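# Architecture at a glance
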Amino acid sequence: MPCWRFQGGVPEAVLARDSRCSIYRPTVQDLFLRSSCGRLPTVAGGPGSPELGRGVGAGAAGLPPWPSEPCLTPRPYSFPRSSRPGPAAMKIAVIGQSLFGQEVYCHLREEGHEVVGVFTVPDKDGKADPLGLKADKDGVPVFKFPRWRARGQALPNVVATYQALGAELNVLPFCSQFIPMEIISAPRHGSIIYHPSLLPRHRGASAINWTLIHGDKKGGFTIFWADDGLDTGDLLLQKECEILPDDTVSTLYSRFLFPEGVKGMVQAVKLIAEGRAPRLPQPEDGATYEGIQKKETAQINWDQPAEAIHNWIRGNDKVPGAWTEACGQKLTFFSSTLNTEGLVPEGETLPIPGAHRPGVVTGAGLILFGNDDRMLLVKSIQLEDGKMIPASQLFRGADSTGLELTEEDLVTAEAVRGAWKRILPNVVEVEDSTDFFKSGAASLDVVRLVEEVKELCDGLELENEDIYMATTFGDFMQLLVRKMRGDNKESQCVIDHVEKTVNKLTLRMPHQLFIGGAFVDAEGAKTYETINPTDGSVICQVSLAQVSDVDKAVAAAKDAFEHGLWGKISARDRGRLLYRLADLLEQQQEELATIEALDAGAVYTLALKTHVGMSIQTFRYFAGWCDKIQGATIPINQARPNRNLTMTRKEPIGVCGIVIPWNYPLMMLSWKMAACLAAGNTVVIKPAQVTPLTALKFAELTLKAGIPKGVINVLPGSGSVVGQRLSDHPDVRKIAFTGSTEVGKRIMKSCALSNVKKVSLELGGKSPLIIFADCDLRKAVQMGMSSVFFNKGENCIAAGRLFVEDSIHDQFVQRVVEEVGKMKIGSPLDRDTSHGPQNHQAHLQKLVEYCQRGVKEGATLVCGGNQVPRPGFFFEPTVFTDVEDHMFIAREESFGPVMIISRFASGDVDAVLSRANATEFGLASGVFTRDISKALYVSDKLEAGTVFVNTYNKTDVAAPFGGFKQSGFGKDLGNLIVPAFIYPFNKHRLEPAQSQGPGVELMRWLLTSCWEGIGDKWGWKPDPAGSRPDRAI
C-alpha cells in the first residue's frame, strides 16, 4: 500500500519518497482490497527469495539457483470487503511459485479475475509447488517448464503455449526462473513483479538479507513494471515498514512482507484493471545492487562494531548463515540479539581468530564482542556436521542417553513416522537414522511437520528450531517424547528431591530455589529447616533466598516476559498450558495434599478438598479467561463532527511479585498466580518461610506442563529479605500480598518509593458474625463452628467475633461446647481427625498468650485456651463468652481456633450493627436469620468485602474475594482480579490534523474503524494527552 497524504481535500497516493513522484487520485474504495480469504495459513518460503523477479533481462543470466527458502511464519490476516463492485475482470497469467504465489493467485481469483494459466517450477522430489498444486485442484492449466530459453533465445514451443492462453497481464509474485522478454512484453498490460525492498535500493538478489546487513531502519517492498533490466522497471506501488532491532529475514517476511505483499499485489492488479496504475521511472539516486549471498561470502568480519556484526548475522539468518572458524571447525551463528541487559559475560571462553575478544558461553547463549567492546548474544549454533544446537550447550558433550519409550510412546512414534512418510514421499522406509533434510525436506516441510505433530500429539507446540536441532527420526522422537513428558532438554533440570514415605505415598519434594526453570542453591548455599508441626521434627533443609537470588529471579522473569516464548504464544495457547498445569495438579493431588499436611499441619481430607481441590479449580477457571481479556472501541466526547474513536487494549504488566501466607500454601499461590499468568505476566513468588514445600513441588509441575522457563520463579526465604527486595525492585511492576496489615503498609510504602508499582493487598480481619434469635439454631451452631474452627482457625475470613442475640445466647453456647467436645484432635493424616496442629511454634505461643490476655481482661474462658499436652503444635479449640467491646480479644484477630462470643439485646439491630462495624477491618462478615428483610438490611449495612447469609466459608473461584478498610484492597478470584494484572490504555486515538471537508468524513470513519496502522500517513496524529506515544499505531 502506498503512503497517503491529503491535498486539496482529496486523498492522494505518493508513490515515491521524494518530490519528483507523480500523484494519482484514488477513491475511498481504493483503500480496501475486496476478498474473503480469511486466515492465512502458516507458511514457509516466498517472496523473500533473493532471486525474486530475477531473470526478466539479460543481466540476470547465469546466476546460481537460490539454495533454500528461509523458514517463515507470517501472521494471519484478512481483507476487508469494499461495498463497490470490483473493476473489470482481466485474463491473468501467474508466473511464480511458493505459498506467497498461491495466496496471490487465490485472491486474484476471488477478485473476479480469470487466471488463464499458472507457470511454476517442476516438481521437486515428487512434490508439487503449492501454487501449482492449488491451481491444478481448481482446474486451471498448470505448466512446469524446466527452462524458458536455450542459448539466449526463447523456446518457440514455450512461447506458443503461453501465447495461446491470451493473457492480458503477467503477475510475478515470486519467480526464481529466467523469463524471456518475449513473455514479459506479450500481454497488452505487460508484467508486474514483486521485489522485497524499497527500490532503487537493494536491486538484485538477497534484497531482504542486504536490508538487514546494511542496518536499514526502513524496509518494505516494491511492485514494479518488468523491463529488460535487473529490477530497474518503472514503479507501480511501494509500501514501507520499520525494521526492528532483532528482525531476521524470517520475522520481517512473516510480519510484513508476506501479508502486506499479498495485499499489495492484489491492489496493483486492481489499479491496472481500473486504468489508474502509475508508471514512475526509478530514480538512480540512492540505487544499490548487491549480489546473492552465498555460504562462502558469509564469513564474519570481526573488525567492526557489535551492531554491524549483529546485522551481518541476522541478515544471513537462516540462509546462508554467518560463520566463523573456531574450535577447529566452521561454526554458523543464528538468532542474534543486541539486547544483553542483565547478562554477565561469565562462562567458558571461546577463542575466535580475528575477534576483538574471545566469546563467552553462558547459560543464555554465546556472548560475542565487537571492536567497540559492546556485546551481542547468539542463541543457536550450527556445527560443521550440520547439527544445530543451543549456543549455551556448545561445550557440553553429546548426550548418549536415550529415553525408553513406553507402549503409548511407541504408538505415537508410529503415527509420527507416518507423518514423515507423507512429507517425504521418496523415502521408502523411515528409519531412526533417516535425516529429515537429507531426505529432501525444505522449509515448508518444517512448518508442515510442526502442524502434523500438533494434531497428532494433543496440541503439543513445537518450534521450527526443534526440527533443525533434531533432524533424524530417532533424535526427533526423543525430543518429542521429552516435550510430551514435560522434561525436554532445554528446560530439563536436575532436581535434588527429598524423599519421604508418608500416607502410603513416596513423596519426592524439591527443596532448592526455582529460578529460570532450574532448581538451584541460594547464594552462599544458605539453608534453613522446615518443621513438621505434627511432631516438631525437621522435614528437610530448604534453600534460603538472598537479595542476589531475588535479582536473578526478577531478571529471569523479565527476560521471559520481554524475549521469551511466553510473550509470543497466543492467549489461547497460554490457556492451554494452564489447563495442562491444572490437570497435573489433579494427577498429583494426593501427594500435594500430603505435603500440605506434612508441612502446614492441614488435615489431609480438608487439604485434598480445599487446599488442593480449589487450587485445581482456580487454574482451570483462569485458563478459560486467557483469551477473553479484551479492550473496547469507545466513541469519544468529541465524536461529532469528526466521528473519532478511542480503541483500548489490555496488556500484561510485566514481572509481578507475589507474597503469600502460610495458612493455605498452595491455594493462596493459585488464587494470585493463576490470574497473573492468565493475563500474560511472569511471576516471582515468595511462599511463607515456614511452608515452602508445596510451592516448590508446584514449580516442578510447571516444568512438566511446559510452562516456559523464567515465567514462574519460587523463592523460599524471609519476608524482610525476599519480600522487601521484591517491593523495592525497579523491574517488578506489581506486588500481590496476603498477610498482616502492618506488613501490608510497609509494602505499600516501598512500592510507592521504588517505582510506584501496582499493589493489591489482602490483610488482617476481625470478621463479625451476627446470629439473631429467629435463625435456624442447629444450622447456626454448625456454621458458627465452621466459621471459627475451619482449618484450625487459620483462616483469613474466620469469624473473629460472634454476636448472639440475648434470648438464645446461653443455648447457643451450650450447643457449641457440646460440639467442641466431639472434635477429634490428632494427626492431620488420620482420616477421622477434625483438628490438626497449628502451623508453627511461634504461632502456637501467640495463641497461648492471646487467651491468657483474654482471661486477664475478664472474659469467661468456657473451654480450651491451652496447648494440648502431646508432641507437636496442637492447641485446644477455645470458647470465650462475656467478651466486652473494649477487650483486646474483641478487637484483635487470633488467627486460631478461638471463638469470641458477645451477646446483644434482643431486637436491637442497629446497635449490634454499630458494634460489628466498630473495627478497622472489613474482610468478611455474616448474618443468620430467617427474616429476609432483616438479612438484606444487615448485609447492606455490614462494612465488609463478603457477607455470608445463613452460611459461612462458601467461597468460589468465580466470586471476587477481598476486603474493605484496613483489610486491604484489590480482589482475588472472579473476573475482578484480572484488571489487577493488566494495563488498560488508549491504543488508538486519532483526530484530524486539519479539516478536509465532508468528502473526507467517510474516509476518516473507515480508517478509524477498519484499518490500523496508517493514521499518520493520512495526516492524522495520536492524541498526546490521551494515548502513550510509544504505543500509538
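Further up the page is the structure itself.
Residues numbered from 1 in each chain as written. Predicted model: local features only at pLDDT ≥ 70, side-chain atom pairs only at ≥ 80, totals over all residues. Heavy atoms only, no water.

### Some details on the overall build of the protein chain
Note the cut-off: Here a helix means four or more residues in a row that DSSP labels H or I, a strand means two or more in a row labelled E, and each is numbered from the N terminus. Only protein chains enter the accessibility calculation, which uses a 1.4 Å probe; a residue whose area is less than 20% of its type maximum is buried, one above 50% is exposed, and one in between is partly exposed. Throughout, a residue-residue contact means that at least one pair of heavy atoms, one from each residue, lies within 4.5 Å. The Shrake-Rupley method, run with a 1.4 Å probe, gives the accessible areas here. Residue values count only the displayed protein chains as cover.
The number of helices and strands found in the protein chain is 26 helices and 44 strands. Out of the 1033 residues belonging to the protein chain, those deemed buried represent 58%. Counting contacts in the protein chain only where the partners sit at least 6 residues apart, residues at least 24 apart contribute 71% of the total. Of the roughly 41000 Å² of accessible surface on the protein chain, a fraction of 51% belongs to carbon and sulfur atoms.

### Re the pairing of strand β20 (residues 498-502)
Keep this limit in mind: Any two strands with at least two DSSP-identified bridges between them are counted as paired.
Pairing of β20 with strand β21 (residues 505-509), which is carried by five bridges, proceeds in the antiparallel orientation. If you follow lysine 500 over to β21, its bridge partner there is leucine 507. Between β20 and β21, which pair antiparallel in sequence order, lie two residues; one of them, asparagine 503, sits at a positive phi of approximately 55°.

### Here's the deal with the packing of aromatic side chains
Note the threshold: Each Phe, Tyr or Trp ring (for Trp, its six-membered ring) is paired with any other whose centre lies within 6.5 Å, and the angle between the two planes then decides the class: stacked below 30 degrees, edge-to-face above 60, tilted in between.
Inspection of every chain in the model, using the stated rule, returns 24 aromatic pairs. Between phenylalanine 119 and phenylalanine 143, the aromatic rings sit 4.9 Å apart at their centres with planes inclined by 20°, giving stacked as the arrangement. A residue pair is termed long-range when its members are at least 10 positions apart, and phenylalanine 119 in strand β5 (residues 114-119) and phenylalanine 143 in strand β6 (residues 142-143) qualify at 24 residues. Per residue, the accessibility class of phenylalanine 119 equals that of phenylalanine 143, and both read buried. Arranged with centres 5.7 Å apart and planes meeting at 50°, the rings of tryptophan 420 and phenylalanine 476 form a pair that is tilted. Note that tryptophan 420 is positioned in helix α8 (residues 407-423) and phenylalanine 476 in helix α11 (residues 473-485), a separation of 56 residues in sequence.

### Regarding helix α21 (residues 809-822)
As a reminder, the rule being used: To estimate how far a helix should reach, multiply one less than its number of residues by 1.5 Å. Comment: arc refers to directions from the helix axis out to C-beta atoms.
End to end, α21 covers 20 Å across 14 residues, agreeing with the expected 20 Å (1.5 Å per residue, within 8%). Taken residue by residue, α21 has His809, Phe812, Val813, Val816 and Val820 as its buried positions. Along the axis of α21, the buried positions cluster into a sector of 95°, meaning they face one direction only. Pointing more than 90 degrees away from the buried face of α21 are the exposed residues Asp810, Gly821 and Lys822. Against β33 (767-771), α20 (777-789), β34 (799-805), β35 (860-863), β36 (878-881) and β37 (898-904) lie the buried residues of α21.

### Considering the sheet that holds β36
As a reminder, the rule being used: Helix axes use the C-alpha atoms of the stretch in contact, all axes being lines fitted to C-alpha atoms, and the angles between their N-to-C directions lie in the range 0 to 180 degrees.
Pairing is mixed across the open sheet formed by seven strands, whose spatial order is β35-β36-β37-β34-β33-β39-β40. Looking at the sheet topology across the chains shown, the edges are occupied by β35 and β40 (946-949). With direction set aside, neighbouring strand axes in the sheet form an average angle of 20°. Here β36 pairs with β37 via three bridges, running parallel. Residue phenylalanine 880 lies in a different strand from β37, and its bridge partner there is isoleucine 900.

### Brief notes about the packing of helix α13 (residues 571-587) against helix α17 (residues 693-705)
Definition in use: For classification, angles of less than 35 degrees are called roughly parallel, those exceeding 145 degrees roughly antiparallel, those between 65 and 115 degrees roughly perpendicular, and all remaining angles oblique. Take the far helix as the reference: if the near one is turned anticlockwise from it by less than a right angle, the crossing is left-handed, and if turned clockwise, right-handed. Gly is placed with the polar residues, together with every amino acid not listed as nonpolar (Ala, Val, Leu, Ile, Met, Phe, Trp, Tyr, Cys and Pro) or charged (Asp, Glu, Lys and Arg).
Running from N to C, α13 and α17 point in directions that differ by 125°, and their axes come no closer than 9 Å. Viewed along their axes, α13 and α17 adopt a mutual orientation that is oblique. Crossing geometry of α13 relative to α17 is assigned as right-handed. Contact residues: α13 offers Leu577, Arg580, Leu581, Leu584 and Leu585, while α17 offers Phe698, Leu701, Thr702, Lys704 and Ala705. By residue class, the composition of the contact of α13 with α17 is seven nonpolar, one polar and two charged.

### Considering the sheet that holds strand β11 (residues 218-225)
Strands belonging to one sheet form pairs held by backbone hydrogen bonds; the direction of such a pair is parallel or antiparallel. An order of β6-β5-β4-β9-β10-β11-β12 is seen for the seven strands of this open sheet, with the pairing classed as mixed. Single-partner strands in this sheet number two, and they are β6 and β12 (235-242). Sheet analysis places strand β10 (residues 191-195) next to β11, joined by four bridges and oriented antiparallel. Bridged to histidine 195 within β11 is threonine 222. Most of the contacts of helix α6 (residues 249-273) go to β12, to which it runs at about 155°, and overall it touches β4 (91-95), β9 (169-172), β10, β11 and β12.

### A word on a positive patch on the surface
To be explicit about the condition: Grouping into patches uses exposed residues only, defined as over 30% relative accessible area, and leaves out salt-bridged ones; the cut-off is 9 Å for like charges and 5 Å for nonpolar side chains (Val, Leu, Ile, Met, Phe, Trp, Tyr). In what follows, salt bridge is the name for a side-chain nitrogen of Lys or Arg lying within 4 Å of a carboxyl oxygen of Asp or Glu. Think of it this way: Lys and Arg go in the positive column, Asp and Glu in the negative one, and His and the chain ends go nowhere. Where a charge lies is defined by one atom per residue type, namely NZ (Lys), CZ (Arg), CG (Asp) and CD (Glu).
A cluster of basic residues, Lys609, Arg778, Lys779 and Lys954, forms a positive patch on the protein surface. If you trace the backbone, lysine 609 turns up in helix α15 (residues 604-623).

### Let's talk about unusual backbone geometry
In this structure, proline 200 follows leucine 199 across a cis peptide bond, with omega equal to 15°. The backbone phi angle of histidine 202 is positive, close to 60°, even though this residue is not glycine. Checked against the element boundaries, histidine 202 lands in the loop between β10 and α5 (207-213). Phi is positive for cysteine 327, which is not a glycine, with a value near 55°. Tracing the backbone shows cysteine 327 in the loop between β13 (322-326) and β14 (329-337). You can call cysteine 327 partly exposed: its relative accessible area is 44%.

### Re the packing of helix α16 (residues 665-678) against α17
Working note: a packed helix pair is described by the angle between its axes plus the distance between those axes. As a packed pair, α16 and α17 sit with axes 8 Å apart at the nearest point and diverge in direction by 55°. By the angle class used here, α16 and α17 are oblique. Read as a crossing pair, α16 and α17 show a hand that is right-handed. Contacts between α16 and α17 pair Pro665, Leu666, Leu669 and Met673 from the former with Thr694, Ala695 and Phe698 from the latter. In terms of residue class, the contact of α16 with α17 is built from six nonpolar, one polar and no charged.

### Comments concerning the pairing of β12
Across the eight residues that make up β12, a large majority, six, are buried. As paired elements, β11 and β12 share seven bridges and run antiparallel to each other. Looking at β12, one finds that glycine 219 is bridged to cysteine 241.

### Topic: the side chain of asparagine 316
In this structure, asparagine 316 sits in the loop between α7 (306-315) and β13. A relative accessible area of 0% means that asparagine 316 is categorised as buried. When sequence neighbours within four positions are dropped, the list of residues in contact with asparagine 316 reads Asn209, Ile213, Gln293, Ala298, Gly321, Ala322 and Phe334.

### Considerations on the environment of glutamate 805
The test is simple: In the analysis that follows, any N or O atom pair within 3.5 Å is treated as a polar contact, provided that within protein one partner can donate a hydrogen and the other can accept it, and provided that, for residues neighboring in sequence, both atoms belong to side chains.
Tracing the chain through its elements places glutamate 805 in strand β34. Measuring from C-alpha to C-alpha, the distance between glutamate 805 and serine 906 comes to 5.6 Å, with 101 residues separating the pair along the chain. Among all residues touching glutamate 805, those that are not within four sequence positions of it are Ile771, Phe772, Ala773, Phe904, Ala905, Ser906 and Gly907. Within the local environment of glutamate 805, its side chain forms a polar contact with the backbone nitrogen of glycine 907, the two atoms lying 2.8 Å apart.

### What to know about the environment of threonine 412
Assignment of secondary structure puts threonine 412 in helix α8. Exposure remark for threonine 412: the relative accessible area of 16% places this residue in the buried category. Sequence spacing of threonine 412 and leucine 480 is 68 residues, and the spatial spacing of their C-alpha atoms is 9.6 Å. Sequence-distant contacts of threonine 412, that is, excluding residues within four places in its chain, are made with Cys457, Met477 and Met484.

### Points about the pattern of salt bridges
In total, this model carries 40 salt bridges according to the counting rule given. The residue arginine 203 makes a salt bridge to glutamate 284 at a minimum N-O spacing of 3.1 Å. Separated by 81 residues along the polypeptide, arginine 203 in the loop between β10 and α5 and glutamate 284 in the loop between α6 and α7 bring together distant segments of the chain. Glutamate 284 sits in the exposed class, given a relative accessible area of 54%. The shortest N-O distance in the salt bridge between aspartate 247 and arginine 255 comes to 2.8 Å. Of the residues examined, arginine 255 reaches a relative accessible area of 22% and is grouped as partly exposed. Residues participating in the shared-partner salt-bridge network are Arg109, Lys134 and Asp138.

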